[in-house]
Amino acid sequence: MAYVDGFVLPLPKKNLDAYREVAKKAGAIWREHGALQFRECIADDVKPGKLTSFPQSVDLKDDETVVFSWIVYESRAARDEINGKVMNDPRMADMMKPEAMPFDGKRMIYGGFEMLVDL
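Computed from a predicted structure; not experimentally measured.

About the cut-offs
- Residues numbered from 1 in each chain as written.
- Predicted model: local features only at pLDDT ≥ 70, side-chain atom pairs only at ≥ 80, totals over all residues.
- Heavy atoms only, no water.
- Pairing = 2+ DSSP bridges.
- Helix = DSSP H or I, 4+ residues; strand = E, 2+ residues; numbered from the N terminus.
- Axes fitted to C-alpha atoms, helices over the stretch in contact; angles between N-to-C directions.
- Buried < 20%, exposed > 50% of the residue type's maximum accessible area, 1.4 Å probe, protein only.
- Polar contact = N/O pair within 3.5 Å; in protein donor to acceptor, adjacent residues only side chain to side chain.
- Contact = heavy atoms within 4.5 Å.

Engineer: Run through the sheet that holds strand β1 (residues 3-12), naming residues and quoting values.
Structural biologist: Pairing is antiparallel across the open sheet formed by four strands, whose spatial order is β2-β3-β1-β4. Pairing within the sheet leaves two strands with one partner each, and these edge strands are β2 (37-42) and β4 (109-114). Here the average twist between neighbouring strands, direction ignored, is 15°. In the sheet, β1 pairs with β4 via six bridges, with the strands oriented antiparallel.

Have a look at this one:
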């Protein structure tokens, strides 16, 4: 069964174009190393909640929007192998530097998920 890495992060609206370029480059690298899908989505209908919400989860500021993204792999073992290759790929080095990221990585939420339903 497929395995998914999911991400939610705050993106300064002024950095949307820069983020898109980084995501395209990173996505191509993940796909090259074997990821089945690489998706990056920008908030469109995401409202603050009373108890919890996407904006609250990343401590969203007024000048930011939410990015929701995921990467699909064949399995957990494939994910671990692919992520190892991606993290060691020299093309990722500059993109991984905190000062080069177009968002605050400290407020990013991420994790790995086993597929429960796949229709």
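Still to come is the rest of the account.
Engineer: So, the environment of Asp 17: which residues are in play, and what are the values?
Structural biologist: Tracing the backbone shows Asp 17 in helix α1 (residues 16-32). On the basis of relative accessible area, Asp 17 is assigned to the exposed category, the value being 55%. Considered as a pair, Asp 17 and Asp 62 are 45 residues apart in the sequence and their alpha carbons are 18 Å apart. In this structure the side chain of Asp 17 is engaged in a polar contact, spanning 3.0 Å, whose partner is the side chain of Arg 20.

Engineer: Go over the side chain of Thr 65 with me, naming the residues and quoting the values.
Structural biologist: Mapped onto the elements, Thr 65 comes out in strand β3 (residues 64-73). Its relative accessible area of 15% is what places Thr 65 among the buried residues. With near-sequence residues (within four places) excluded, Thr 65 lies in contact with Leu 9, Pro 10, Leu 11, Lys 13, Ile 42, Ala 43 and Leu 60.

Nothing here speaks to function; it is all geometry.
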